[in-house]
Amino acid sequence: TDKFEIVTEVTQPISGVQKKPSPVQVLTKKLGIPLLFPESAKDPEFLNQLENLNVDLCVTAAYGNFLPKKFLSIPKFGTVNIHPSLLPQYRGAAPVQRCIENGDTDTGVSVAFTVLKMDAGPIITQVPYKLTGNEKASQVLSECFDLGTKALLHALPGIFSKSITTTPQDDSMKSEAPKINKQEGLIDFSTMTALQIHNKCRAFTDWPGIMCTLQIGPEDSPLINMKIVTTVVLESKNETSKLSRDISVIKLSRAGKTIKLLRIVCGDGSVLGVLEVLPPGSKTMQVLAYLNGIKSTDKRMRWIAPEALNTAVH
């Protein structure tokens, strides 16, 4: 079998308050592979370094940095990207998140050559991925990148021999997957359906999560900004259910176990079940553990619509 030498890894610089190295940086150090982390792929010094390495092929995956013409001209056999969608669907920064948010039943991963236009290059190969409606984005991303990596390894000999057959993308079929902003994680039970909230919860699991405002106890109790971590749709649209701010606690049998969850009726009468929450300053916990931690004897719970709040989203 042919062997390929990895001459360098390129990743984003360390950022954030904690200054923790990324998984790429940790693995690269462990394997003893040289590492470059330019502020921008346009950086002249970085481009010179890359050119001096006599690179045959560049492979990118979730790099999140624009690759200029100068970069793309360096590798002899081009630059190949692993993109977790069935291109030309969901071009952009958040393909899996947008796919799950939209409630799609199918997605996949594409291996494609990189061109100046974002995610628009000719497709080398694609692998489909079926969705059940309960996966979270982190799981789908991980599995799609795993599938994409295997597909790329299979295609490498053909790329190097220039015998690979590619398929141009049909721009008329394209859809966009724009970057997520924090405000999108704010939930309004009065205007959203249970399925919309469930899908958004699954899509935004890593960041920013979905946030609602709760009140526990009397009407003058302090408000709590609560992240919802895991949900289930208990009932789709139900004409007999009426929107209510009151949240009840019910029991549900799952995988042979009886668990407690929050029951929330949404604007169209559909009913959402909340299984796990992330309270402020705490860690993710099941609803039962959260309820047990409430010291007040009055555990009546209700949600507050965003328009009723004067507080900013945190």
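The structure contained in this document is the topic of the report that follows. Chains are numbered independently. Their residues run from 1 in the order of the written sequence. Whole-chain, interface and lining totals are the exception, using all residues; otherwise, since this is a predicted model, local features are given only for residues with pLDDT of at least 70 and side-chain atom pairs are given and counted only at 80 or more. Note: side-chain values were computed over all heavy atoms of the structure, leaving out hydrogens and water.

Here we take up the pattern of salt bridges. Any carboxyl oxygen of Asp or Glu within 4 Å of a side-chain nitrogen of Lys or Arg constitutes a salt bridge here. Inspection of every chain in the model, using the stated rule, returns 14 salt bridges. A salt bridge links Arg91 to Asp171; its shortest N-O distance comes to 2.7 Å. Of the two residues, Arg91 is situated in the loop between strand 4 (79–83) and helix 4 (95–101) and Asp171 in the loop between helix 5 (137–160) and helix 6 (194–203); the sequence distance between them amounts to 80 residues. Arg91 gets classed as buried once you look at its relative accessible area, which sits at 2%. Taking the shortest distance from any N to any O, the salt bridge between Asp106 and Lys130 comes out at 3.4 Å. Separated by 24 residues along the polypeptide, Asp106 in strand 5 (residues 106–113) and Lys130 in strand 6 (residues 123–130) bring together distant segments of the chain. The rule is simple: take the accessible area with a 1.4 Å probe, protein chains only, and divide by the maximum for that residue type; under 20% is buried, over 50% is exposed, in between is partly exposed. Among the residues examined, Lys130 registers a relative accessible area of 58% and is labelled exposed. Secondary structure is summarised from DSSP: a helix means a run of H or I of at least four residues, a strand means a run of E of at least two, and numbering begins at the N terminus for each.

The next subject is the packing of aromatic side chains. Here the aromatic set is Phe, Tyr and Trp, taking the six-membered ring for Trp, and pairing holds for ring centres within 6.5 Å; pairs whose planes are under 30 degrees apart are stacked, those over 60 apart are edge-to-face, and all others are tilted. As enumerated under the stated definition, the model contains four aromatic pairs in all. Here Phe4 and Phe160 contribute two aromatic rings whose centre-to-centre distance is 5.3 Å and whose plane-to-plane angle is 20°, an arrangement assigned as stacked. Linking Phe4 in the segment before strand 1 (9–10) with Phe160 in helix 5, this pair joins segments that are 156 residues apart in sequence. Assessed through its relative accessible area of 26%, Phe160 is described here as partly exposed. These aromatic residues form a ring-pair network of at least three members: Phe4, Phe77 and Phe160.

Remark: nonpolar core denotes a set of buried residues (Ala, Val, Leu, Ile, Met, Phe, Trp, Tyr, Cys) joined through side-chain atoms within 4.5 Å. In terms of nonpolar packing, the biggest core is built from 55 residues, with Val80, Ile159, Phe189, Ile197, Val274, Tyr290 and Met301 touching the most fellow members. It is helix 5 that provides the largest number of residues to this core, a total of nine residues. Here a residue-residue contact requires only that any non-hydrogen atoms of the pair lie within 4.5 Å. Residues in contact with Tyr290, not counting those within four places in the same chain, are Ile216, Ile224, Met226, Val277, Pro279, Met285 and Met301. Residues Ala41, Leu50, Leu67 and Phe71 belong to the second largest nonpolar core, which totals 12 residues.

Examined against the element boundaries, Ser110 turns out to sit in strand 5. Under the rule applied, a polar contact is a pair of N or O atoms within 3.5 Å (in protein, one hydrogen donor and one hydrogen acceptor; residues adjacent in sequence only if both atoms are side-chain atoms). Only 3.1 Å separates the side chain of Ser110 from the backbone nitrogen of Leu87, close enough to count as a polar contact. In this structure, Ser110 is in contact with Asn81, Ile82, His83, Ser85, Leu86, Leu87, Thr125 and Gln126, ignoring residues within four places of it in sequence.

Turning our attention to helix 5. Here, expected helix span is obtained from the residue count minus one, scaled by 1.5 Å. When the terminal C-alpha atoms of helix 5 are compared, their 33 Å separation across 24 residues agrees well with the 34 Å that a helix rising 1.5 Å per residue should span. In this scheme, the bend at a residue equals the angle between the axes fitted to the seven residues that finish there and the seven that begin there. Helix geometry: helix 5 is bent most strongly at His154, by close to 35°, with proline Pro157 lying one to four residues after it. For helix 5, the complete set of buried residues consists of Ala137, Val140, Leu141, Cys144, Gly148, Ala151, Leu152, Ala155, Leu156, Gly158 and Ile159. The inward-facing, buried residues of helix 5 contact strand 3 (58–61), strand 4, helix 4, strand 5, strand 6 and helix 6. Backbone geometry just downstream of helix 5 places Lys162 in the positive-phi region, at approximately 60°.

So, about unusual backbone geometry. Omega for the bond connecting Leu87 with Pro88 falls within 30 degrees of zero, at 10°, which places this linkage in the cis form. Checked against the element boundaries, Pro88 lands in the loop between strand 4 and helix 4. Cis geometry is found at the peptide bond from Trp207 to Pro208, where omega equals 0°. Located in the positive-phi region is Tyr90, a residue other than glycine, with phi close to 55°. Mapping Tyr90 onto the fold places it in the loop between strand 4 and helix 4. According to the relative accessible area criterion, Tyr90 is buried, its value standing at 8%. For Asp119, which is not glycine, the phi torsion reads 55° and is therefore positive.

Keep in mind these values describe shape, not function.
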